[in-house]
Each structure stands twice: as structure tokens, then as C-alpha cells.
Amino acid sequence: MKRSSSMSRRAALGGIGGAFAGSALLDAQQDPFRDHSRVPGMDELTTVTEFEAVAFAKMPRDFFMYMAHGGEGEFTLRRNREAYDWVELVPKGVVDVSTVQTATNVLGTPMAFPIMTSPTSAHIQLHREAEAATYRGSQAASNTPYIVSDAATLPKEKIAAAATGPLWFQLYPKRDMDVMKAWTENVQALGGKAVVMTVDQQATYYERTTHDRHLTAAGPSEPPAGPRGGRGAVATRGPRAYRVPDYRLWYNWKYAEQVKAMLKVPMVAKGILTGEDAELCIEHGFDAVYVSNHGGRSMDYGPSTLEVLPEIVDAVKGRVPVLFDSGIRSGSDILKALALGANAVCIGRGARWGLAAYGAPGVQRIHEILQGELVMAMAQTGRPTLASIDRKLVKTNFR
Ligand SMILES: Cc1cc2nc3c(=O)[nH]c(=O)nc-3n(C[C@H](O)[C@H](O)[C@H](O)COP(=O)(O)O)c2cc1C
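Residues numbered from 1 in each chain as written. Predicted model: local features only at pLDDT ≥ 70, side-chain atom pairs only at ≥ 80, totals over all residues. Heavy atoms only, no water.

Student: I would appreciate a short explanation of the overall build of the protein in the present structure.
Tutor: Counting its regular elements, the protein contains 15 helices and twelve strands. Relative to its full complement of 399 residues, the protein shows a buried share of 50%. Looking at the protein alone, contacts between residues at least 24 apart form 72% of all its contacts between residues at least 6 apart. Surface exposure of the protein reaches about 18,800 Å², of which carbon and sulfur atoms provide 55%. (Helix = DSSP H or I, 4+ residues; strand = E, 2+ residues; numbered from the N terminus. Buried < 20%, exposed > 50% of the residue type's maximum accessible area, 1.4 Å probe, protein only. Contact = heavy atoms within 4.5 Å. Areas by Shrake-Rupley, 256 points an atom, 1.4 Å probe, with all protein chains shown as cover.)

Written out as C-alpha cells, the structure is:
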């Protein structure tokens, strides 16, 4: 066969070289004006929210969206943040704030600051060391307690072996009582100082996810079951019929009492949003109430957690500690929650941004920024001790 019309080896190589030269990748490498600081060094970041942009830059979009989204149209997600703007700080003028005291103790766990790491799932989406890094970073920040999610990526044993700081374990209720018993024995053997049972129902799906056409998304992200069917129409019975994962919408207070009987450590109810439910928690043996709307990921059109905090604190009347999360991004946010009666707060997305951006040092830095800002806010408002923080420190304009 005559081969004279074939491309010569030289021309072929030239063609490939030309294609590379035109590629966006090489173009970027050759850009003499390229700005290395587009992903800044950790020390350049001074606020928690700055870490979100770095996390975004470093993460696959699906994983970032899984972390960012709130339920349905995200009214509650937005309201969680807006609520802090509706609370003014009222400083005391003439106070000696030369030392600021932040140490506390919640359910027997000593804390240098009233701040913990919230339980959040699947840290492998954020960093290759996953929850081990979150634990190490939390511990490095003045021994911040870490609440391990029941949906963590790493086995609980591996997480517990990664550091020596205080660990609590979050629980998604399990129907099989033998499984439940084995779970409680395991987390107590691993040194868990408390168990946090999540009782919000996450009855939702995420419009942001469906807009993004993440067609592999399963469970609560499924579109609603319409009359014409579709993927959401598959489940007609059980929690999934309401777009709720299987581990929700079946337990009751009696079940909580049975789990409590399996524990030697305190048990906390996470996801409480009314004074009435807080009262029931105490009645049914919970040792603390954790005010949370899952960072706006549970039912949409619920209130922000800051708005309902005073009602819950009033119902609890100091009988058990009140923990609090959802929307905290700064030290003054924390101060407002403490002023409205929280004994300690927990950090969800903030810690995740730190982990995704810089691994364990990122988690540590997030906590240290918040700790520093809290001290500053306490000093500026003339409240040098946790005991001196009360409702007179805030003026609420909730709307
Ligand atoms: C990506 C993600 C995963 C979460 N996974 C869990 C979980 O496994 N268990 C749980 O009780 N709460 C989970 N939460 C809720 C957090 O514990 C916490 O309530 C919430 O993140 C606080 O709001 P914030 O992110 O605005 O700080 C998750 C939150 C996010 C953002």
C-alpha cells in the first residue's frame, strides 16, 4: 500500500506538540503573571468564612455542594445566618478586662473554651486523613472536644486512636436493639465521654442539588414523588415515602429511655427546637439539650436556632446544659448564643472548611480564630468571665 499520503512522523509530533501548546493547562503554566496567592497560605486567612473559598477551590464540586446546601429552598439556612444580624451587643463601659476567663465544663468534659466540633459526616470528602485529622486539629486547639458523627468515614476505632483529646459520639438511632447495645458498648470502650442522639428528622431534599443535576444523589436529595412518578416515587411506605432516611421517623421517647439505660455516660438530644421538646427531653432522661436545625439541612421553613434558644433556655431552667449550633462563623456569634443562654456551642461547616482547606492544621486554625474572637468580643463588651455573660448583653430584634 502506498504510504506517501500518510503524515510524516515529524509532522505528527509537531501536531501533538501544537495541541499541547494550545491547551489551557500549559497556557496557565506559561502565564508569567500567574498569581500563586489565589490559594492563599493558611496564615493569611484571618476569618472563618475566608476558609470556605479555599475549601471550594480545593474540593470536587459535588462534595462542596453536599456540604453547603440546606433543605429545600434554603430559607432556614439563610435565616440561621441572618438571625445573628438581628442581635445587638450592649457593652458595659467600665470593667477591668485585663484577664478573660473562658474555661468551662459540660457534662464532666473540661473545656478551655465553650466551643466544640459538631458531628458531621464523611470527612473523606474533605481531606484524605478524614476524621483522624479533624480529631487531631480539634485537640491541637486547646483540647477542643470533638463529637464524632455516626456517619464518619473512618471506623470509630481509627478515629479514637488518632489523638487523645475529649471525644463524644453522635448516634443515629438503630432499630435493632442488639446492634444498638453493641454500639453503646463500643463508643464507651473507645473513651466516649457522652453520646449525642440526633433526633431531628431531616424531612427534606435539596433543591440546590437537584438544580445541579447531581443525578447520582440518593435518599433525601431525590425529587418529590409526583403524580407522574419519577425516581422519588419508588418508596411508597416507610420514612422514604416522606423523603426521610430510614434511620429517622420511627423512634419515640420510650426508645430513648432504652438507649439511655445502656449508657454509663451522659446522653444528649440533638435537634431540639422548642421549649416543649426540651422539657420532654429532661422528663425522659436526657442529660443535655442540643439546640440545632442541622445547619439548615433539616426541615426548611423552620426557625433559626438563635431565635428559639431563649425559649428553650427558659424551659430548661438550668436543670441540664444547653448546647447550640447552626450558623456560627465568628466569636461574636458565639457570644450572642452564650448571652441567650447556651452553655457551649458547636462548629459544623467552619471545621469542615478548615479540614478541606488545610487538613488538621486548618481545623486547629478555625478553632483558634473563633477562640481569639470570643475573647476579644468578651473583652470589648466588658464581660471578662463566662459567668458575667447574661441576657443584658444582647438586644434582640428578631423578625
Ligand atoms: C455536610 C454536613 C454533614 C453533617 N452530618 C451530620 C451528621 O452526620 N450527624 C449530625 O448529627 N449532624 C450532622 N450535621 C449537622 C451538624 O452537626 C451541625 O448541626 C451543623 O453543621 C451546624 O451548622 P453549621 O454548619 O452552620 O455550623 C452535618 C452538617 C453538615 C454541613
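Student: Please clarify how the pattern of salt bridges should be interpreted in this entry.
Tutor: In a structure, side chains of opposite charge can pair up when their charged atoms sit close to one another. Summed over all chains, the structure comprises twelve salt bridges. The closest approach of N and O atoms between Lys-392 and Asp-390, which form a salt bridge, is 3.9 Å. A relative accessible area of 62% means that Lys-392 is categorised as exposed. Overlapping salt bridges bring together Asp-150, Lys-156 and Lys-174 as one network. (Salt bridge = Lys/Arg side-chain N within 4 Å of Asp/Glu carboxyl O.)

Student: How do you make sense of the packing of helix 13 (residues 331-339) against helix 15 (residues 360-380) when you look at a structure like this?
Tutor: In a packed pair of helices, the relevant descriptors are the angle between the two axes and the axis-to-axis distance. The geometry of helix 13 relative to helix 15 is characterised by a closest axis approach of 7 Å and an angle of 60 degrees between their N-to-C directions. When the interaxial angle is binned, helix 13 and helix 15 end up oblique. At the point where helix 13 passes helix 15, the crossing takes the right-handed sense. Across from Gly-331, Ser-332, Ile-334, Leu-335 and Leu-338 in helix 13, the residues of helix 15 making contact are Leu-370, Glu-373, Leu-374, Ala-377 and Met-378. Looking at side-chain class alone, the contact of helix 13 with helix 15 contains seven nonpolar, two polar and one charged residues. (Axes fitted to C-alpha atoms, helices over the stretch in contact; angles between N-to-C directions. Parallel < 35°, antiparallel > 145°, perpendicular 65-115°, else oblique. Left-handed = near helix turned anticlockwise from the far one by under 90°. Nonpolar A, V, L, I, M, F, W, Y, C, P; charged D, E, K, R; others polar.)

Student: Quick question: what am I supposed to make of the nonpolar core here?
Tutor: In summary, soluble globular proteins display a tendency toward joint burial of nonpolar side chains. Core analysis: the largest hydrophobic core is formed by 87 residues, its most contacted members being Phe-51, Val-289, Leu-306, Leu-309 and Phe-324. No other element matches helix 15, which puts eight residues into this core. Excluding residues that lie within four positions of it along the chain, Val-289 makes contacts with Ala-269, Ile-272, Ala-278, Cys-281, Ile-312, Val-316, Val-320, Pro-321, Val-322 and Leu-323. Core analysis: the second largest hydrophobic core is formed by 13 residues, Met-111, Trp-168, Val-196 and Ala-288 among them. (Core = buried A, V, L, I, M, F, W, Y, C linked by side-chain atoms within 4.5 Å.)

Student: Is there a simple way to think about the packing of aromatic side chains in this case?
Tutor: Remark: the centre distance and the inter-plane angle together describe each pair of aromatic rings, the angle taken between the planes. Scanning the entire structure with this criterion turns up eight aromatic pairs. Judged by centre distance (5.4 Å) and plane angle (80 degrees), the ring pair of Trp-250 and Tyr-251 falls under edge-to-face. Tyr-251 gets classed as buried once you look at its relative accessible area, which sits at 14%. Put simply, the rings of Trp-250, Tyr-251 and Tyr-255 touch in pairs and so form one group of aromatic residues. Here the guanidinium or amino end of Lys-270 rests over the ring plane of Tyr-290, the centre of that ring lying 5.4 Å away. (Phe/Tyr/Trp six-rings, centres within 6.5 Å; stacked < 30°, edge-to-face > 60°. Lys NZ or Arg CZ within 6 Å of the ring centre and 35° of its normal.)

The values are spatial; any link to function lies outside them.
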